[in-house]
Amino acid sequence: MRHPVRLGIALTLALATAGCSTAGGGGSAAGAKPAASPTSKKAATGVTSCGRQVSPAGPPQRAVALDQSSTETLLELGLQDRMAGTANLKTKIPAPYAAAYAKIPVIAPKIATGEQLRAATPDFVVAGSADLYTKDRAGTREELDVLKVPTFVSAVDCPQHNPPGRTPFELLFSDYENLGRLFGAEERAGKLAADQRAAVARAGANASKARRGADRPTVVYLYSVFNGMPYVAGKTGLPSEMSRIVGAENAFDDVQEDWPEVSWEEVARRDPDFIVIGDLSERGRPGDSAAEKRATMTAHPVISRLAAVRDDKILEVPGIELDPSVRSVHALGLLAQGMKDLGHAR
């Protein structure tokens, strides 16, 4: 990390392995048609990214994505033919992107270093988080500017540079639109943003307008369990916005972090109406799978007594979709449907 619901006998929500095209909001699959390559050398449209002006000399031809979320965004925009490298794969690439992804060099299986990045000879670099641009990682944005390599950071990770009032999903959609301008893929980017805006609207359609404040159901998002301790969604992560959209409240909305470590006793004290588990099975670390997280909660002497655990009011979603990415609207849809099935939305 940047750092099912069952009621009564059973209710199972399928876990997605496909991209946003399966979520009703992702447009065409990345393995379909790539965006048209530019035929002129005219300058690409400049944009502002995380406080810096990004003005490449022309539409990028050798882009490198420093993380999986950036990689999948470029693939969804059909830009695989203009990618010189990817890095930092956290989980399996969804089936719609697999063929396109297989053709792109992996410059680093984990976080890329400056040497690995320069060896790919990029003309543009994209990252989902600003912390990938450090001296001991890919190099600072200033260092890459000296090398005349423009850099882009997701607006979701730059709250201090964003206009007030813009939601995380709107910032994510602005990334699509800005990358579309830079690569000359405006039409595809615009469709992706429009489709995902519609998916967000659908997810919120069943939220009860009557629920306000304390009347809203509360939810704990369990991302991982490390050394026996739970990591949950705080206020600054995407799940708080997901909760608001579907008419719920993140139980840890008072913690100013994306994914803080808390105690099981504090989870019990907040006594959520339901729990969302992030399934990270493909990452392969102890405690990552949804099954392991369930087992941990049912075996815990305190957590096992919570109504949400006792009555199995638990929703499983792909863990990677709880961080901002082209796939996040899918997790939002699962949350909205799960709340509806549990009677928390009308």
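Worth saying up front: this structure is predicted, and the values here are computed from it rather than measured.

**Student:** Outline unusual backbone geometry, supporting the account with residue identities and numerical values.
**Tutor:** Negative phi values dominate among residues other than glycine, just as trans dominates among peptide bonds. The backbone phi angle of lysine 148 is positive, close to 60°, even though this residue is not glycine. Position of lysine 148 relative to the elements: it lies in the loop between helix 4 (141–146) and strand 7 (151–153). Although it is not a glycine, asparagine 227 adopts a positive phi angle of roughly 50°. Position of asparagine 227 among the secondary structure elements: in the loop between strand 8 (218–226) and strand 9 (229–232).

**Student:** Account for the state of the cysteines, with residues named and values stated.
**Tutor:** Taken as a whole and judged by the stated rule, the model has one disulfide. For cysteine 50, the disulfide goes to cysteine 158, at an S-S distance of 1.8 Å. The sign of the -95° torsion about the S-S bond sets the cysteine 50-cysteine 158 disulfide as left-handed. Here the residue cysteine 50 occupies a position in the loop between strand 1 (47–49) and strand 2 (52–54), and cysteine 158 occupies one in the loop between strand 7 and helix 5 (168–183), the gap between them amounting to 108 residues.

**Student:** Got a sec to walk through the packing of helix 1 (residues 68–76) against helix 2 (residues 95–102)? Specific residues and values, please.
**Tutor:** Geometrically, a packed helix pair is captured by the angle between its two axes and the distance between the axes. At a minimum axis distance of 10 Å, the contact between helix 1 and helix 2 shows a crossing angle of 95°. If you check the angle between helix 1 and helix 2, you find them roughly perpendicular. Across the interface between the two elements, Thr71, Glu72, Leu75 and Glu76 of helix 1 pack against Tyr97, Ala100 and Tyr101 of helix 2. For the contact of helix 1 with helix 2, the per-class residue count stands at four nonpolar, one polar and two charged.

**Student:** Tell me about the environment of serine 281, residues and numbers included.
**Tutor:** Assignment of secondary structure puts serine 281 in the loop between strand 11 (274–279) and helix 9 (290–299). C-alpha of serine 281 to C-alpha of alanine 291: the two residues are 10 residues apart in sequence and 8.9 Å apart in space. Contact partners of serine 281, with chain neighbours within four places excluded, come to Asp288, Ser289 and Ala290. In this structure the side chain of serine 281 is engaged in a polar contact, spanning 2.5 Å, whose partner is the side chain of aspartate 279.

**Student:** Can you explain the confidence of the model for the chain? Please cite residues and give values.
**Tutor:** Here the chain shows a mean pLDDT of 86. Residues at 70 or above account for 84%. Note on residues 2–32: pLDDT under 50 across the span, and 103 contacts to partners over four residues away in sequence or across chains. pLDDT under 50 marks residues 36–43. Its contacts with residues more than four places away, or in other chains, come to 12 contacts.

Procedures and definitions
- Residues numbered from 1 in each chain as written.
- Predicted model: local features only at pLDDT ≥ 70, side-chain atom pairs only at ≥ 80, totals over all residues.
- Heavy atoms only, no water.
- Helix = DSSP H or I, 4+ residues; strand = E, 2+ residues; numbered from the N terminus.
- Disulfide = S-S within 2.5 Å.
- Axes fitted to C-alpha atoms, helices over the stretch in contact; angles between N-to-C directions.
- Parallel < 35°, antiparallel > 145°, perpendicular 65-115°, else oblique.
- Contact = heavy atoms within 4.5 Å.
- Nonpolar A, V, L, I, M, F, W, Y, C, P; charged D, E, K, R; others polar.
- Polar contact = N/O pair within 3.5 Å; in protein donor to acceptor, adjacent residues only side chain to side chain.
- pLDDT = per-residue confidence, 0-100.

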